[in-house]
Amino acid sequence: MRLDFEFMQETFLLVWSGAGTTLSLTALVLLVSIPLGFYLAAVRLHSGLIISSAVRGYVSFVRGTPIILQILLVYSLLPSLLNAAAQAAGLSVNIFDLIEPFWYAAVVFTLNTTALLTEVFRSSLTAIPKGQLEAGLTCGMSAFKTYLHIIVPQALAVALPGLCNATVNLVKGTSLAFLMTVKDIMAVGKIAASYGYNYLEAYLDVFLVYLILCTIIQLGYAVLEARLSTFRAKL
Amino acid sequence: MLMSIRNVKKNFHHTQVLKDVSLNVKKGDVVAIIGPSGSGKTTFLRCLSFLEQADGGEMDFNGRTLSLASASKKEIAAVRKQTAFVFQNYNLFANKTALENVTVGLVSGHGMARDKAKKVALAALQKVGMADRADYYPAHLSGGQQQRVAIARAIAASPDVILFDEPTSALDPELVSEVLQVMKELAQEGTTMIVVTHEMKFAREAATHVVFMADGVVVEEGRAEEIFTAPKEERTRRFLQYILPEEYAAAVLI
Ligand SMILES: Nc1ncnc2c1ncn2[C@@H]1O[C@H](COP(=O)(O)OP(=O)(O)O)[C@@H](O)[C@H]1O
Ligand SMILES: [Mg+2]
């Protein structure tokens, strides 16, 4: 068996054109999931039984079901629901044309990543000693200000490895977005392959692109972690 | 009277940790609270800054009377701004430098302008001999240094009373004196302080008033000399004998 290197080179460049979609999907999802996850983690820790159980239920639902099922569920349910809602509201728009599959993918992955990050932030918030809050209060700061200046920055430093994990999983996970006809790295690779049946070459290209992206992301987090944790470093 | 605390009660689950504790503090007083461990000393201090909600009791403070069991958020915030707390394990903000540990409360808690806060904070650090470590993070300071920064943080906002909860018990023995030295200076300058301590020498030399607590009640209180040389209660005598065997034997012989 021989690899068609010329095809592989061309496709390698082509596959990078999907990286934009993959990365913007990832960035958009993180932008919503990080603050939301932090908020839900705080809610889970400090709210009454009902609300914190609701958050817990959401987290275990997401963790306990395969993501591919979540994708299929949202992709077959959400457009019809939205369409029905639009018609009920008397809008004469076709939701199926109006909303790009990209946005459905963003919804699924946001729901998914938010749940994972809620757990990451919950454990990092519990890792911050209670004395930090008490010190803030006795210095005349409100609980909110103490969270803002003291507890969240410390929890974020603790959460970085988990956050890195979630980001890398998200980048890799978005490869399933091709199921929703989103043109990400994976989809571009598959389409290229199907022209000449050069599946192996195309998949190797996709493989390489993900490997490079994830390596860069992990290096980025390592730098960030070193910067955000200067206060913890031993001299 | 600067602070008059009456009938503080506190239960944890079904144990009564504070049974009926009262205390009067005049401006410039240094009150030392001594007593065996588990007697409720920490809980008492924590109730005064509302880190623990008392089940009963009230406090006159700065001309205002408030309930320790049901003070409003506003009242709690006001008390916390007029008092300061020094913790046994320092509780410095781990992500802030020594200087920022002092400024963050001044700026975000007391609404002081940033450059003024920095000046005030540097002066406070100077006072505890930590100005040269202003840019160090707590993780890079010894226990004694951390506690001195914590004291700087406490005095910076010029509180009316500073509460100390065994400020030297977490320290290695050789670091205790640097912290006690700072506290003695504060005492000499007329800072009003309530100090829970096991350092009998400090209590004897610096306190204007000594309170002996056991099992959630004040067993005996009085001037330091009275308590240490002529305790009236058997319970106090036994405690001092246990904690100061040699000195106590000598004192009794005199
Ligand atoms: N948060 C808490 N929950 C349950 N029991 C507590 C709590 N804090 C203190 N206690 C109990 O209250 C009693 C008094 O504790 P404390 O005020 O720390 O005493 P001291 O400072 O005099 O050693 C102890 O028996 C302790 O176990
Ligand atoms: Mg104690």
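In every chain, residue numbers begin from 1 and rise along the written sequence. All chains are assigned letters beginning at A, and all ligands numbers beginning at 1, according to the order in which they are written. A pLDDT threshold of at least 70 governs which residues receive local features in this predicted model, and a stricter bar of 80 or more applies before side-chain atom pairs are shown or counted, although totals over entire chains, interfaces and linings include all residues. Side-chain metrics in this entry use all non-hydrogen atoms of the structure; hydrogen atoms and water are not considered.

Caption draft 1: Seen up close, the overall build of chain B. Helices and strands together make up the secondary structure of chain B, namely 10 helices and 10 strands. Radius of gyration: C-alpha atoms only; globule rule: 2.2 Å multiplied by the number of residues to the exponent 0.38. A compact globule built from 254 residues would reach a C-alpha radius of gyration of about 18 Å, and chain B, at 18 Å, matches this within 12%. Overall, chain B is about 55 × 40 × 35 Å in size when its C-alpha atoms are taken along their principal axes. Per-residue accessibility, obtained with a 1.4 Å probe over protein chains only, is compared with the maximum for each type, and a residue is labelled buried under 20%, exposed over 50%, and partly exposed between these values. Within chain B, buried positions represent 54% of all 254 residues. Whether two residues are in contact is decided by their heavy atoms, any of which lying within 4.5 Å being enough. Of the contacts made within chain B by residues no fewer than 6 positions apart, 61% connect residues no fewer than 24 positions apart. When the accessible surface of chain B is split by element, carbon and sulfur atoms take 48% of a total near 11,300 Å². Counting rule for charge: Lys and Arg are taken as positive, Asp and Glu as negative, and neither His nor the chain ends is counted. Here the site of a charge means atom NZ of a Lys, CZ of an Arg, CG of an Asp or CD of a Glu. Both charge centroids of chain B, one from 30 positive and one from 30 negative side chains, sit 6 Å from each other. Secondary structure elements are taken from DSSP: a helix is a run of H or I of four residues or more, a strand is a run of E of two residues or more, and numbering for both begins at the N terminus. To measure how exposed things are, a 1.4 Å probe is used in the Shrake-Rupley method; for residues, cover is taken only from the protein chains shown.

Caption draft 2: Here's a closer look at the pattern of salt bridges. The term salt bridge refers to a pairing of a side-chain nitrogen on Lys or Arg with a carboxyl oxygen on Asp or Glu at a separation within 4 Å. According to the stated counting rule, one finds 16 salt bridges over all chains in the structure shown. Residue B:Asp20 is joined to B:Lys9 by a salt bridge in which the shortest nitrogen-to-oxygen separation is 3.7 Å. Taken together, the residues span a long stretch of sequence, with B:Asp20 in strand β2 (residues 15-25) and B:Lys9 in strand β1 (residues 3-12) at a distance of 11 residues. One continuous salt-bridge network, built from bridges that share partners, spans A:Lys130, A:Glu134, B:Arg46 and B:Glu52.

Caption draft 3: Broad picture of the packing of aromatic side chains. Residues and elements named next belong to chain B. Put simply, two rings from Phe, Tyr or Trp (the six-membered ring, in Trp's case) pair if the centres are within 6.5 Å, and we call them stacked under 30 degrees between planes, edge-to-face over 60, tilted for the rest. Applying the stated criterion across every chain, the model contains 8 aromatic pairs over all chains. Each ring, one from Phe-85 and one from Phe-87, has its centre 4.6 Å from the other, and the planes form 35°; the classification is tilted. The same class applies to Phe-85 as to Phe-87, namely buried. Put simply, a charge is over a ring when the Lys NZ or the Arg CZ is close to the ring centre, within 6 Å, and near the line of the ring normal, within 35 degrees. The side chain of Arg-133 reaches across the aromatic face of Tyr-136, ending 5.0 Å from its centre. For the cation-ring pair, Arg-153 lies above Phe-93, with the distance from its terminal atom to the ring centre recorded as 4.6 Å.

Caption draft 4: Here's a closer look at the nonpolar core. Here, the term nonpolar core denotes a set of buried Ala, Val, Leu, Ile, Met, Phe, Trp, Tyr and Cys residues that are joined through side-chain atoms within 4.5 Å. If you look at the biggest cluster of nonpolar residues, it comprises 67 residues, and the most contacted ones within it are B:Ile5, B:Val8, B:Phe44, B:Leu48, B:Met59 and B:Ile194. Broken down by element, the residue count for this core peaks at 10 residues, all from helix α7 (residues 143-173) of chain A. Residues within four places of B:Phe44 in sequence aside, it is in contact with B:Ile5, B:Val8, B:Leu18, B:Val21, B:Leu23 and B:Ile33. In this structure, B:Ile34, B:Tyr90, B:Ala150 and B:Phe164 belong to the second largest nonpolar core, which totals 54 residues.

Caption draft 5: Examining the sheet that holds β1(B) more closely. Residue and element names in this part refer to chain B. DSSP bridges decide pairing: two strands pair if at least two such bridges lie between them. With antiparallel pairing, 4 strands are arranged side by side in an open sheet as β2-β1-β4-β5. Of all strands in the sheet, those with a lone pairing partner are β2 and β5 (64-67), marking the two edges. Pairwise comparison of adjacent strand axes, ignoring direction, gives a mean angle of 15° for this sheet. In the sheet, β1 pairs with strand β4 (residues 56-61) via 5 bridges, with the strands oriented antiparallel. Note that in β4 the partner of Met-3 across the bridge is Phe-61. Axis definition: a line fitted to C-alpha atoms, over the contacting stretch in the case of helices. Angles run 0 to 180 degrees between N-to-C directions. Where helix α1 (residues 41-48) meets the sheet, it contacts β1, β2 and β4, and its direction lies at approximately 120° from that of β1. The strands touched by helix α2 (residues 73-82) within the sheet are β4 and β5, with β5 carrying the most contacts at an inclination of about 120°.

Caption draft 6: Up close: the interface of chain A and chain B. Each partner contributes residues to the interface: chain A has 21 residues there, and chain B has 24 residues. When chain A packs against chain B, the two sides together hide about 1,900 Å² of surface, and 61% of this comes from carbon and sulfur. For the interface between chain A and chain B, the tally reads 1 salt bridge. Here B:Arg46 ties to A:Glu134 by a salt bridge, and the two come within 2.7 Å at their closest N and O atoms. Accessible area, probed at 1.4 Å, shrinks when two parts are joined; the buried area is that loss added up over both.

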